[in-house]
Amino acid sequence: MADKKSLKDLLEDEIKDLYSAEKQLVRAIPRMAKGSTDAALKQAFQQHLEETKNQVTRLEQVAQLLETKPTGKKCMGMEGVIKEGAEALEEEGEDSVLDLGLIGAGSRVEHYEMAGYLTAISLARQMKSAEVVKLLTETLAEEQNAEKTLRKIAVGLSMLCIAATT
């Protein structure tokens, strides 16, 4: 475990954690897309995969600005959230209901990421690192939009499930 003697140390640790999380998602999102049956959900996962790849690059830029490497830490929290999502892929049942389960898993991922980015942005602001704040804020907006997209798809799928049971 790295010593944290300054805000910079803590921010560097947060960036490493986020970097690990995003790299794990680059591997996990394709499975979520493949497992979804709803076309809009599949497209949302595929679009967010491309954003996630860009987020990895952005975190590499942040690390460079902080004069550190983004590697060296494994995000155990994201690993757990991804495992929960993998469980949703193993379920059997009605396609729309299963897709809603994937949306729930995806939403948990987005909220976990948003918490990390909000923390990192706060630290970068305290350090008066405007370029880092800008890069992290760009990613935060993408995470918020991804979660909003998932919620919209969930509303439509929920209506389908309700209509099917009445």
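From a predicted model like this one, the values you see are computed outputs, not experimental measurements.

**Re the overall build of the chain**
Of the regular secondary structure elements, the chain holds 5 helices and 0 strands. The order of helices and strands in the chain, counted from the N terminus, is α-α-α-α-α. For the C-alpha atoms alone, the extent of the chain along its principal axes is close to 60 × 25 × 20 Å. Taking all 166 residues of the chain together, the buried fraction comes to 43%. Across the chain, contacts joining residues at least 24 apart in sequence account for 80% of those joining residues at least 6 apart.

**Some thoughts on the side chain of Glu 142**
Checked against the element boundaries, Glu 142 lands in helix H5 (residues 130-165). Judged by relative accessible area, Glu 142 falls into the buried class, the value being 14%. There is a polar contact of 2.8 Å between the side chain of Glu 142 and the side chain of Gln 55. Excluding residues that lie within four positions of it along the chain, Glu 142 makes contacts with His 48, Glu 51, Gln 55 and Arg 58.

**Regarding a negative patch on the surface**
A contiguous patch of negative charge on the surface is contributed by Glu 87, Glu 90, Glu 91 and Glu 92. When you line up the elements, Glu 87 lands in helix H3 (residues 76-90).

**Some remarks on the side chain of Glu 110**
Secondary-structure assignment places Glu 110 in helix H4 (residues 95-126). Although Glu 110 is buried, it makes no salt bridge; Arg 151 carries the closest opposite charge, 10 Å away. Discounting residues that sit within four places of it in the chain, Glu 110 has contacts with His 48, Glu 143, Ala 146, Glu 147 and Leu 150.

**Some words on the nonpolar core**
Residues Leu 25, Leu 41, Phe 45, Met 78, Leu 102, Ile 103 and Ile 153 are the most contacted members of the largest nonpolar core, which totals 23 residues. Counting residues per element, the ones that place at least two in this core are helix H1 (7-35), helix H2 (39-65), H3, H4 and H5. The biggest single contributor to this core is H1, with 6 residues. Other than its neighbours up to four places away in sequence, Leu 41 contacts Ser 36, Asp 99, Leu 102, Ile 103, Leu 150 and Ile 153.

**Some details on the pattern of salt bridges**
Within this structure, the stated rule accounts for 9 salt bridges. By sharing partners, the salt bridges in this structure join Asp 13, Asp 17 and Lys 73 into a single network.

**A short note on the environment of Lys 74**
By the secondary structure assignment, Lys 74 is in the loop between H2 and H3. Along the sequence, Lys 74 and Ser 20 sit 54 residues apart, while their C-alpha atoms lie 5.5 Å from each other. Those residues in contact with Lys 74 that sit more than four places away from it in its chain are Asp 17, Ser 20, Gln 24 and Glu 79. Only 2.8 Å separates the side chain of Lys 74 from the side chain of Glu 79, close enough to count as a polar contact.

**Brief notes about H2**
With 27 residues, H2 extends 39 Å between its outermost C-alpha atoms, agreeing within 8% with the 39 Å of an ideal straight helix rising 1.5 Å per residue. A side-chain oxygen of the first residue of H2 lies 3.1 Å from the backbone nitrogen of Ala 40; this N-cap is Asp 38. Where H2 terminates, the next one or two residues include Glu 67, which has phi positive at roughly 55°.

Rules behind the numbers
- Per chain, the residues get numbers from 1 upward, laid out in the order the sequence is written.
- This being a predicted model, a pLDDT of at least 70 is required before a residue's local features are given, and a value of 80 or more before pairs of side-chain atoms are given or counted; all residues contribute to the totals for chains, interfaces and linings.
- The basis for every side-chain value is the complete set of non-hydrogen atoms in the structure, without hydrogens or water.
- Under the scheme used here, helices are H or I runs from DSSP no shorter than 4 residues and strands are E runs no shorter than 2 residues, and both carry numbers assigned from the N terminus.
- Note on classification: 1.4 Å probe, protein chains only; a residue is buried when its accessible area is under 20% of the maximum for its type, exposed when over 50%, partly exposed between these limits.
- The contact definition used throughout considers only heavy atoms, calling two residues in contact when any of these lie within 4.5 Å.
- In protein, a polar contact requires one atom able to donate a hydrogen and another able to accept it; more generally it is a pair of N or O atoms within 3.5 Å, and residues adjacent in sequence count only if both atoms are side-chain atoms.
- What makes a patch is a set of residues exposed beyond 30% relative accessible area and free of salt bridges, joined within 9 Å when like-charged and within 5 Å when nonpolar (Val, Leu, Ile, Met, Phe, Trp, Tyr).
- Using a 1.4 Å probe, the Shrake-Rupley method yields the accessible areas, and only the shown protein chains count as cover for residues.
- When a carboxyl oxygen of Asp or Glu lies within 4 Å of a side-chain nitrogen of Lys or Arg, that pair is called a salt bridge.
- Charged-residue counts in this description rest on Lys and Arg as positive and Asp and Glu as negative, His and the chain ends being excluded.
- A charged residue contributes its charge at one atom only: NZ of Lys, CZ of Arg, CG of Asp or CD of Glu.
- The term nonpolar core refers to a set of buried residues drawn from Ala, Val, Leu, Ile, Met, Phe, Trp, Tyr and Cys, joined through side-chain atoms within 4.5 Å.
- The span one expects for a helix is its residue count, reduced by one, times 1.5 Å.

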